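Topology and contacts: notes
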Amino acid sequence: MDVKTLLELLFGLLTVASAAWVAFSPKLLHAGFSLLFTFFGVAGLYVTLGADFLAVTQVLVYIGGILVLLLFGILLTTAMPTAELSVGPSRRGQGLALGALLLGLLLLAVFRAGWPLSFPPLPENTARGLGTGFMTTWILPFEVVSILLLGSMLGALHLARHAGGEK
Amino acid sequence: MSLHFYLVVAALLFVLGLVCMITRRNAVALLMGVELILNSANLNFVAFSRFTEARALDGQATAIFVIILAACEAAVAMAIVLNLYRQQRGIDVDAARELQG
């Protein structure tokens, strides 16, 4: 077993194990910190897939942005010690059963489908290709998503300022 | 490692995110489930673009767009969660039954 396979297994295991802790942890803050390892594991998997720029983006945006936002949210809103984190046991069982069913279906699809596999050579540097692509092939979605980002930031600011009816 | 390894990891990630969304009552925990699901979709995009004939960067560009949308979603959802908290002193989504402010 070479080093690359070992790393892939390690990152995959890290991702799945910490995601399981996100889903089942009895403490919300633990789930939030576990999400850090999930994002990091996925970034590692991106590296093993040859997507270096995407891995850096994942660390910057997910860990540096979204996760910090979520942790702030947890710390700002968990002043209620009595609030239940999860649903009751019966609905929990239903959710787990549904998840197991879906997992079975997905695994069946993954292993039954005949994927047309090939192994094209990796591009030397994905950042250059992506940058050129964003300015040529994907220019329209790039502009649309920029406007969407601006709009959602303004919307989030507006929502967070005029909260709870008191203007 | 073959494509199947990444697909299985992504499937597990997706199912865990879904279970998280179904079995949690806390709004922030629900958001975490959404992030897990988005990550699994991204992993699929990148793995398929690596292992099939498609141009290798198409999947990665799509994944970057998904990351941008996830950032938008997290910001707006956080604002909504804070509003919910100020209105009813808690973020139990089962208790949030009123849509009218």
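The structure displayed is predicted, hence computed values, not measured ones.

Looking only at helices and strands, chain B has 3 helices and 0 strands in total. Beginning at the N terminus, the succession of helices and strands in chain B can be written as α-α-α. The C-alpha atoms of chain B give 17 Å as radius of gyration, which overshoots the globular expectation for 101 residues (13 Å, by more than 25%). Oriented by its inertia axes, the alpha-carbon framework of chain B measures out at about 50 × 25 × 15 Å. Out of the 101 residues in chain B, the part that is buried amounts to 58%. Residue pairs at least 24 apart in sequence account for 58% of intrachain contacts in chain B once pairs closer than 6 positions are excluded. Accessible surface for chain B amounts to roughly 3800 Å². Of this, 63% is attributable to carbon and sulfur atoms.

A separate point is the confidence of the model for chain B. Residue and element names in this part refer to chain B. Scored by pLDDT, chain B has a mean of 87; 93% of the residues are at 70 or more. Of all helices and strands in chain B, the one with the weakest mean pLDDT is helix 3 (residues 56-88) (88), whereas helix 1 (residues 3-23) scores best (93). For this predicted complex, the interface confidence comes out at an ipTM of 0.90, alongside a pTM of 0.90.

Inspection of every chain in the model, using the stated rule, returns 6 aromatic pairs over all chains. Each member of the aromatic cluster is reached from another via a ring pair, and the members are F134(A), W138(A), F142(A) and F65(B).

Residues and elements named next belong to chain B. The terminal C-alpha atoms of helix 2 (residues 27-51) lie 37 Å apart, and with 25 residues this matches the ideal 36 Å at 1.5 Å per residue to within 8%. Most of helix 2 is tucked away: 18 of the 25 residues are buried. Capping the start of helix 2 is the job of one residue whose side-chain oxygen sits 2.8 Å from the backbone nitrogen of V28: N26.

Another point: the nonpolar core. One finds L35(A), Y46(A), L54(A), L70(A), V28(B), M32(B) and L43(B) to be the most contacted residues of the largest nonpolar core, which totals 63 residues. Secondary structure elements with two or more residues in this core: helix 1 (3-24), helix 2 (28-48), helix 3 (52-77) and helix 5 (126-135) of chain A together with helix 1, helix 2 and helix 3 of chain B. Per-element accounting of this core gives the leading share, 13 residues, to helix 3 of chain B. In this structure L35(A) touches V22(A), L67(A), L70(A), M32(B) and L36(B), once residues within four positions along its chain are discounted.

Across the boundary between the two partners, chain A contributes 84 residues, which contact 69 residues of chain B. Buried surface at the junction of chain A and chain B, summed over both partners, amounts to about 7100 Å²; 77% is from carbon and sulfur atoms. By the criterion of area lost to chain B, the three top residues of chain A are L49(A), Y62(A) and T77(A), representing 9% of everything that side buries. Summed over the shared surface of chain A and chain B, the result is 0 salt bridges. In this structure, the connection of chain A to chain B is made through 9 residue pairs in polar contact (both at pLDDT 80 or more). Breaking the side of chain A that touches chain B down by element, the ones donating at least two residues are helix 1, helix 2, helix 3, helix 4 (89-112), helix 5 and helix 6 (139-161) of chain A. The dominant element in the side of chain A that touches chain B, judged by the number of residues it contributes, is helix 3 of chain A, at 13 residues.

A word on the pattern of salt bridges. All names here are of chain A. Under the counting rule described, the total for this entry stands at 1 salt bridge over all chains. With its nearest N and O atoms 3.1 Å apart, the salt bridge here joins E8 to K4. Residue E8 and its partner K4 are both found in helix 1; the two are separated by 4 residues, about one turn of the helix. On the basis of relative accessibility, which here comes to 41%, the residue K4 falls in the partly exposed class.

In this section: the side chain of T77(A). The residue T77(A) is located in helix 3 in this model. Since its relative accessible area comes to 3%, T77(A) is described here as buried. A polar side-chain atom of T77(A) sits 2.5 Å from the main-chain carbonyl oxygen of G73(A). Residues contacting T77(A), with those up to four places away along its chain left out, are V28(B), V81(B), L82(B), Y85(B) and I91(B).

Thresholds applied
- Residues numbered from 1 in each chain as written.
- Chains lettered and ligands numbered in written order.
- Predicted model: local features only at pLDDT ≥ 70, side-chain atom pairs only at ≥ 80, totals over all residues.
- Heavy atoms only, no water.
- Helix = DSSP H or I, 4+ residues; strand = E, 2+ residues; numbered from the N terminus.
- Rg over C-alpha atoms; globule rule 2.2 N^0.38 Å.
- Buried < 20%, exposed > 50% of the residue type's maximum accessible area, 1.4 Å probe, protein only.
- Contact = heavy atoms within 4.5 Å.
- Areas by Shrake-Rupley, 256 points an atom, 1.4 Å probe, with all protein chains shown as cover.
- pLDDT = per-residue confidence, 0-100.
- Phe/Tyr/Trp six-rings, centres within 6.5 Å; stacked < 30°, edge-to-face > 60°.
- Expected span 1.5 Å × (residues − 1).
- Polar contact = N/O pair within 3.5 Å; in protein donor to acceptor, adjacent residues only side chain to side chain.
- Core = buried A, V, L, I, M, F, W, Y, C linked by side-chain atoms within 4.5 Å.
- Buried area = accessible area lost by both parts, 1.4 Å probe.
- Salt bridge = Lys/Arg side-chain N within 4 Å of Asp/Glu carboxyl O.

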